[in-house]
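In case you want the letters, here they are:
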Amino acid sequence: MRDEAAGAAIRVRRREEGDLDACVRVLASVHDRDGYPVDWPAAPRTWLRGAAPLAAWIAESDGVVVGHVGLGAGTGGDAAPGLWTEREGVEAGPTAVVGRLFVAPGARGRGAGALLMASAVEEARLQGLHPVLDVVASDRAAAALYERLGWTLLATVEQEWGPDRRVAVRAYAAPRPGA
């Protein structure tokens, strides 16, 4: 994708081990500005790796990392896989959870988030999985992106994030292929 106003192309490619330090720097800038992730991980490189046992991608602009997304099998703490199965019944099939999506504040509005999401969705479908995700309910910008991309809100639910700590999350499912 070419952004004529900024004069730089956004390119998405598979994340490599050598990209993790740059990803952590971008994540730190996103955390400082937007509070994502809500709780800064003790080991951010491990946190990024853990969300992407299936695959992960980065977005680059002029060779500089400006975004990231991962695709994983999900954990018992993810609401979206179960909600998708409840909604769709036995035909739902297995899911893949899209996570750890972030774009550097200075690179937003240039399509990086949509390109990263497209990569994750494509890979999930290649593996015969339906993409789903959870997002903190207060993250309106992320929810707006998912909805612009045609994702369906499954439900808003409370998740247990620790002793005496509950957080509202919105669970989404990608549109069915061809929809």
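Above this note sits the structure.
Computed from a predicted model, the values in this text were never measured in an experiment.

What counts, and where the lines are drawn
- Residues numbered from 1 in each chain as written.
- Predicted model: local features only at pLDDT ≥ 70, side-chain atom pairs only at ≥ 80, totals over all residues.
- Heavy atoms only, no water.
- Phe/Tyr/Trp six-rings, centres within 6.5 Å; stacked < 30°, edge-to-face > 60°.
- Buried < 20%, exposed > 50% of the residue type's maximum accessible area, 1.4 Å probe, protein only.
- Lys NZ or Arg CZ within 6 Å of the ring centre and 35° of its normal.
- Helix = DSSP H or I, 4+ residues; strand = E, 2+ residues; numbered from the N terminus.
- Core = buried A, V, L, I, M, F, W, Y, C linked by side-chain atoms within 4.5 Å.
- Contact = heavy atoms within 4.5 Å.

Participant: Give a description of the packing of aromatic side chains that names residues and reports values.
Facilitator: Counting across every chain of the model gives 3 aromatic pairs. Between Tyr-146 and Trp-151 the ring centres are 6.2 Å apart and the planes differ by 45°, which places this aromatic pair in the tilted class. Taken individually, Tyr-146 and Trp-151 each receive the classification buried, so the pair is uniform in this respect. One cation-aromatic arrangement involves Arg-100 over Trp-47; the distance from NZ or CZ to the ring centre is 3.8 Å.

Participant: Quick one: what's the story with the environment of Gly-67, residue by residue and with numbers?
Facilitator: Its location among the elements puts Gly-67 in strand β4 (residues 64-72). Separated by 34 residues in the primary sequence, Gly-67 and Leu-101 place their C-alpha atoms 7.3 Å from one another.

Participant: Would you mind going over the nonpolar core in detail, with residue names and values included?
Facilitator: In globular proteins that are soluble, nonpolar side chains generally tend to be buried together. Ranked by size, the top nonpolar core spans 41 residues in total, and within it Leu-48, Val-98, Met-117, Leu-133, Tyr-146 and Trp-151 carry the most contacts. At the level of secondary structure, the elements contributing two or more residues to this core comprise α1 (20-34), α2 (44-50), β3 (55-61), β4, β5 (95-103), α4 (112-126), β6 (130-136) and α5 (140-148). Here this core takes 7 residues from α1, the largest share from any one element. Among all residues touching Tyr-146, those that are not within four sequence positions of it are Leu-101, Met-117, Leu-133, Val-135, Trp-151 and Tyr-172. If you look at the next biggest cluster of nonpolar residues, it comprises 9 residues, including Ala-79, Trp-84, Leu-154 and Ala-173.

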